[in-house]
Amino acid sequence: MEAYALTDTGRVRSMNQDYIYSSPEGVGSLPNLFMVADGMGGHRAGDFASRYTVENLVVYLNRRQHGSAVMQLKEGIEQVNEALFEESLIHEELRGMGCTLVAAVVEEGVLYAANIGDSRLYLIHSGEIRQVTRDHSYVEELVAKGQLLRGSADYNSRKNIITRAMGIGRRVEADFFEAELQEGDYILLCSDGLTNMVDDPAIHRIVTGEGSLKDKACCLIREANGRGGTDNIAVVLARYRGKGDGAC
């Protein structure tokens with residue numbers, strides 16, 4: 001695996017509450033690890049939540065030396081979530097904080113992803129972009145029920161209302177996804193600061209265009225800022241090189 005990660009405050013916000021992690025090398029018994037967390041909460045609470053979640057999940061996974069990637073992520077997320085919630089009970093200034101989380105591991109040619117909230121993971125081939133994760137948002141629940149059209153004005157006005165987040169309760173349930181990879185596939189983890197500004201066709205065009213992973217990540221950030229940059233922007237872009245890449 002090769003990867004490049006970048007985050008930016010955007011053009012409107014004064015503080016960056018997105019937090020990223022990218023390790024193409026092993027983390028504990030996992031062959032690699034990639035994460036994006038998008039904080040929510042007043043003052044510095046959202047910043048604390050996203051940083052705490054990512055840093056403590058890395059600590060947990062470094063200590064954990066056995067189990068499947070999905071099991072390690074599941075148990076780590078549950079433990080970190082409970083600890084984060086306890087922090088909000090202890091410290092008044094952290095009340096109501098939380099964050100999204102999208103995490104990924106590639107092992108023996110298979111992508112394993114965990115998701116809470118509306119940060120996303122995309123799988124990008126030469127001719128296709130596919131959102132692997134599913135947003136935990138109010139509007140997506142209505143879409144699933146047939147009560148709202150994705151992309152409509154009503155959808156766009158309320159799509160930032162999320163229905164799951166790390167740290168807002170003692171327990172949290174992550175959704176898990178897996179996908180087989182092909183040589184040359186790109187994996188993109190990102191916050192909604194990117195996807196609210198840049199549509200899927202533009203993301204696909206940039207990622208499959210010319211340049212290094214760094215060039216492409218920087219271009220995604222510039223594109224989001226060029227279209228308004230109304231939120232913090234987080235991008236983790238990785239490329240799968242084929243057989244033997246991401247193996248134990």
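Residues numbered from 1 in each chain as written. Predicted model: local features only at pLDDT ≥ 70, side-chain atom pairs only at ≥ 80, totals over all residues. Heavy atoms only, no water.

**Some remarks on the nonpolar core**
At step 1: Membership of the largest hydrophobic core comes to 32 residues, with the highest contact counts inside it found for Leu33, Met35, Leu61, Ile77 and Met166.
At step 2: If you list the elements that add at least two residues to this core, you get β3 (33–40), α1 (45–63), α2 (69–90), β5 (101–107) and β6 (110–116).
At step 3: A per-element tally of this core places α1 first, with eight residues.
At step 4: Ignoring anything within four residues of it in the chain, the contact list for Leu33 reads Tyr21, Ser22, Ser23, Glu25, Val27, Val58, Leu61, Leu73, Ala104 and Val105.
At step 5: Within the second largest apolar cluster, 21 residues are counted, among which are Ala104, Phe177, Ile187 and Ala234. (Core = buried A, V, L, I, M, F, W, Y, C linked by side-chain atoms within 4.5 Å. Buried < 20%, exposed > 50% of the residue type's maximum accessible area, 1.4 Å probe, protein only. Helix = DSSP H or I, 4+ residues; strand = E, 2+ residues; numbered from the N terminus. Contact = heavy atoms within 4.5 Å.)

**Regarding the packing of aromatic side chains**
At step 1: Tallying each qualifying case throughout the model produces one aromatic pair.
At step 2: Centre to centre, the rings of Phe48 and Tyr52 are 5.5 Å apart; their planes meet at 25°, and the pair counts as stacked. Taken together, the residues span about one helical turn, with Phe48 and Tyr52 both in helix α1 at a distance of four residues. (Phe/Tyr/Trp six-rings, centres within 6.5 Å; stacked < 30°, edge-to-face > 60°.)

**Concerning the side chain of Thr195**
At step 1: Mapping Thr195 onto the fold places it in helix α5 (residues 192–195).
At step 2: Classification of Thr195 by relative accessible area gives buried; the value is 11%.
At step 3: Residue contacts for Thr195: discarding those within four places in its chain leaves Arg120, Tyr122, Cys190 and Ile203.

**Here's the deal with the pattern of salt bridges**
Pairs may arise between side chains of opposite charge once their charged atoms sit close together.
At step 1: Within the structure shown, the criterion is met by 13 salt bridges.
At step 2: Residues Arg51 and Glu55 are paired through a salt bridge, measuring 3.6 Å at the closest nitrogen-oxygen approach. Here the residue Arg51 and the residue Glu55 both occupy positions in helix α1, the gap between them amounting to four residues, near one helical turn.
At step 3: The residue Lys74 makes a salt bridge to Glu78 at a minimum N-O spacing of 2.8 Å. (Salt bridge = Lys/Arg side-chain N within 4 Å of Asp/Glu carboxyl O.)

**So, the packing of helix α6 (residues 200–207) against helix α7 (residues 213–226)**
At step 1: The N-to-C vectors of α6 and α7 enclose an angle of 150°; their axes lie 9 Å apart at closest approach. Comparing their axes, α7 and α6 come out roughly antiparallel. Two packed elements cross with a definite hand, and for α6 against α7 that hand is right-handed. For the pair formed by α6 and α7, the contact residues are Ile203, Arg205, Ile206 and Val207 on the first element and Lys216, Cys219, Leu220 and Glu223 on the second.
At step 2: Of the residues that constitute the contact of α6 with α7, the class distribution is five nonpolar, no polar and three charged. (Axes fitted to C-alpha atoms, helices over the stretch in contact; angles between N-to-C directions. Parallel < 35°, antiparallel > 145°, perpendicular 65-115°, else oblique. Left-handed = near helix turned anticlockwise from the far one by under 90°. Nonpolar A, V, L, I, M, F, W, Y, C, P; charged D, E, K, R; others polar.)

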